[in-house]
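Analysis of the macromolecular model
These are the residues of each chain, in order.
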Amino acid sequence: MKRPIQALVLSGCLAVIAGCSAIEKTDSFTLAADLPPNFAYVATVRYKPAVGQTCTVPAKENKADVFNREWRTEYQPNSQIKLYQTVNGCLLALSSIRVDINATYGKDRGDVGGDFGAILVGQQPNERYRGTFNASGESEFFGRCQWTFRTAGGLRRIVKLLNCRNTDAQDVPFGPKPLVTYNWSELAGKTVRLKIKLAKEEKPSTGDTWVKVPGGWKRCMGDNFEDRYGFCYGNYKDFSTFRMPDGRICTIYPGCTESTEVKP
């Protein structure tokens with residue numbers, strides 16, 4: 001039975017290939033990304049002692065590189081990833097890269113959603129997520145992200161969550177999160193490209209709180225406007241207004257247009 005992606009990502013957990021000490025320490029590859037508007041990624045690169053090394057490095061020092069840390073202001077779509085790092089005299093080899101996928105939907109600091117994917121490197125890549133390179137030395141892995149929405153606070157302000165999952169090149173989903181695995185020996189001088197599509201439609205993040213109507217969704221009132229949960233409970237006639245991230249007060253999400261026809 002295949003282990004869940006979360007276990008693969010958090011363990012980082014594929015062994016680096018033998019013989020890596022013979023490779024030049026300056027070897028690297030390019031991580032690139034094709035993302036929707038208002039998206040950015042942050043890459044956190046983890047290393048571990050190379051095969052044949054007897055040294056050890058505290059786990060907190062294995063997170064040697066973070067790319068696009070200031071992703072809101074200094075985002076770069078291409079990152080140069082070293083295959084080796086030396087920390088306190090210990091030769092470390094690339095083990096895994098966590099790719100945080102961030103997106104903004106409004107101007108406030110908190111108007112952001114995110115999910116993650118990963119690149120795992122080892123001697124025996126997981127065949128289901130195995131990456132391959134074309135003649136130009138480029139490999140692609142894919143994902144599709146979708147916004148979900150809900151209301152929060154006394155103003156019933158719209159907030160969003162971002163959910164991303166793995167897909168193949170034809171946008172067919174498989175597996176929970178964008179993920180690709182490689183053998184360490186094939187990465188030097190190559191390019192690995194993350195390609196993310198954004199689903200055209202959003203959906204409520206909580207069931208039985210919104211009702212689908214022509215043009216979008218209406219927010220159930222619940223017991224009253226102050227009802228923080230506001231479940232419909234079969235009442236598809238009493239709806240509330242809500243506040244958009246840009247401050248508009250609306251009755252239908254996302255178009256802010258009125259409609260009287262309700263389809264529970």
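Residues numbered from 1 in each chain as written. Predicted model: local features only at pLDDT ≥ 70, side-chain atom pairs only at ≥ 80, totals over all residues. Heavy atoms only, no water.

**Thoughts on the overall build of the protein chain**
Within the protein chain, the regular secondary structure consists of 1 helix and 18 strands. Relative to its full complement of 264 residues, the protein chain shows a buried share of 45%. A separation threshold of at least 6 residues defines the contact pool for the protein chain, and within that pool the share at least 24 residues apart is 67%. (Helix = DSSP H or I, 4+ residues; strand = E, 2+ residues; numbered from the N terminus. Buried < 20%, exposed > 50% of the residue type's maximum accessible area, 1.4 Å probe, protein only. Contact = heavy atoms within 4.5 Å.)

**Quick look at the packing of aromatic side chains**
Within the structure shown, the criterion is met by 13 aromatic pairs. Here the aromatic rings of Tyr84 and Trp184 are separated by 5.4 Å at their centres, their planes lie at 55°, and the arrangement is tilted. Remark: Trp184 occurs in the loop between strand E10 (179-183) and strand E11 (191-198) and Tyr84 occurs in strand E5 (residues 84-87); sequence separation between them is 100 residues. Given a relative accessible area of 3%, Tyr84 falls into the buried group. With 6.2 Å between their ring centres and 5° between their planes, Tyr229 and Phe231 make a pair best called stacked. The rings of Phe149, Trp210, Trp217, Phe242 and Tyr253 are connected pair by pair, giving a single aromatic cluster. In this arrangement the basic side chain of Arg98 is found over the ring face of Phe116, its NZ or CZ atom lying 4.4 Å from the centre. Against the face of Phe225 rests Arg156, its NZ or CZ located 5.2 Å from the ring centre. (Phe/Tyr/Trp six-rings, centres within 6.5 Å; stacked < 30°, edge-to-face > 60°. Lys NZ or Arg CZ within 6 Å of the ring centre and 35° of its normal.)

**Some remarks on the state of the cysteines**
Each disulfide consists of a covalent bond between the sulfur atoms of two cysteine residues. Here the structure, examined in full by the defined rule, presents 4 disulfides. A disulfide bridge connects Cys55 with Cys90, and the sulfur atoms are separated by 2.0 Å. Around the S-S axis, the bridge from Cys55 to Cys90 shows a dihedral of about 75° and counts as right-handed. With Cys55 in the loop between strand E2 (39-49) and strand E3 (63-67) and Cys90 in strand E6 (residues 90-104), this pair connects stretches of sequence that are 35 residues apart. Note on Cys55: relative accessible area 24%, which makes it partly exposed. A residue is classified by how much of its surface remains accessible, and Cys90, at 2% relative accessible area, is buried. The disulfide that involves Cys145 links it to Cys164, with 2.0 Å between the sulfurs. Between Cys145 and Cys164, the S-S torsion sits near 105°, and that sign places the bridge as right-handed. (Disulfide = S-S within 2.5 Å.)

**Re the nonpolar core**
Nonpolar side chains in soluble globular proteins tend to end up buried together. Phe29, Ile81, Leu94, Ile97 and Ile119 are the most contacted members of the largest nonpolar core, which has 40 residues in total. At 9 residues, the largest contribution of residues to this core is made by E6. Among all residues touching Ile81, those that are not within four sequence positions of it are Asp27, Ser28, Phe29, Leu31, Val45, Tyr47, Phe67, Leu94 and Ile97. Residues Trp210, Phe242, Met244 and Tyr253 belong to the second largest nonpolar core, which totals 8 residues. (Core = buried A, V, L, I, M, F, W, Y, C linked by side-chain atoms within 4.5 Å.)

**Side note on the confidence of the model for the protein chain**
Of all residues in the protein chain, 86% attain a pLDDT of 70 or more, and the chain-wide mean is 86. Looking at the elements of the protein chain, mean pLDDT is at its lowest for helix H1 (residues 5-11), recorded as 41, and at its highest for E11, recorded as 98. The low-confidence segment residues 1-26 (pLDDT under 50) makes 51 contacts with residues lying over four places distant or belonging to another chain. The low-confidence segment residues 259-264 (pLDDT under 50) makes 14 contacts with residues lying over four places distant or belonging to another chain. (pLDDT = per-residue confidence, 0-100.)

**Topic: the pairing of strand E4 (residues 79-82)**
Along E4, the buried face is formed by Ser79 and Ile81; none of Gln80 and Lys82, which line the opposite face, is buried. Where strand E1 (residues 28-34) and E4 come together, 4 bridges link them in antiparallel fashion. Residue pairing in the sheet places Ser28 in a bridge with Lys82 of E4. (Pairing = 2+ DSSP bridges.)

**Thoughts on the pairing of E10**
Counting buried positions along E10 yields 5 of 5 residues, so the element is predominantly enclosed. Across the two faces of E10 the burial is the same, with Leu179, Thr181 and Asn183 and Val180 and Tyr182 all buried. Pairing of strand E7 (residues 112-122) with E10 involves 5 bridges; the strand directions are parallel. Residue pairing for E10: Ile119 is matched across the bridge by Val180.

**Considering the pattern of salt bridges**
Counted according to the given criterion, the structure contains 11 salt bridges. When the shortest N-O distance is used, the salt bridge between Glu140 and Lys195 registers 3.6 Å. Highlighted residues: Glu140 in strand E8 (residues 138-152) and Lys195 in strand E11, separated in sequence by 55 residues. For Arg144, the salt bridge goes to Asp171, with nearest N and O atoms at 3.4 Å. Separated by 27 residues along the polypeptide, Arg144 in strand E8 and Asp171 in the loop between strand E9 (157-167) and E10 bring together distant segments of the chain. A relative accessible area of 27% means that Arg144 is categorised as partly exposed. Judged by relative accessible area, which is 21%, Asp171 ranks as partly exposed. (Salt bridge = Lys/Arg side-chain N within 4 Å of Asp/Glu carboxyl O.)

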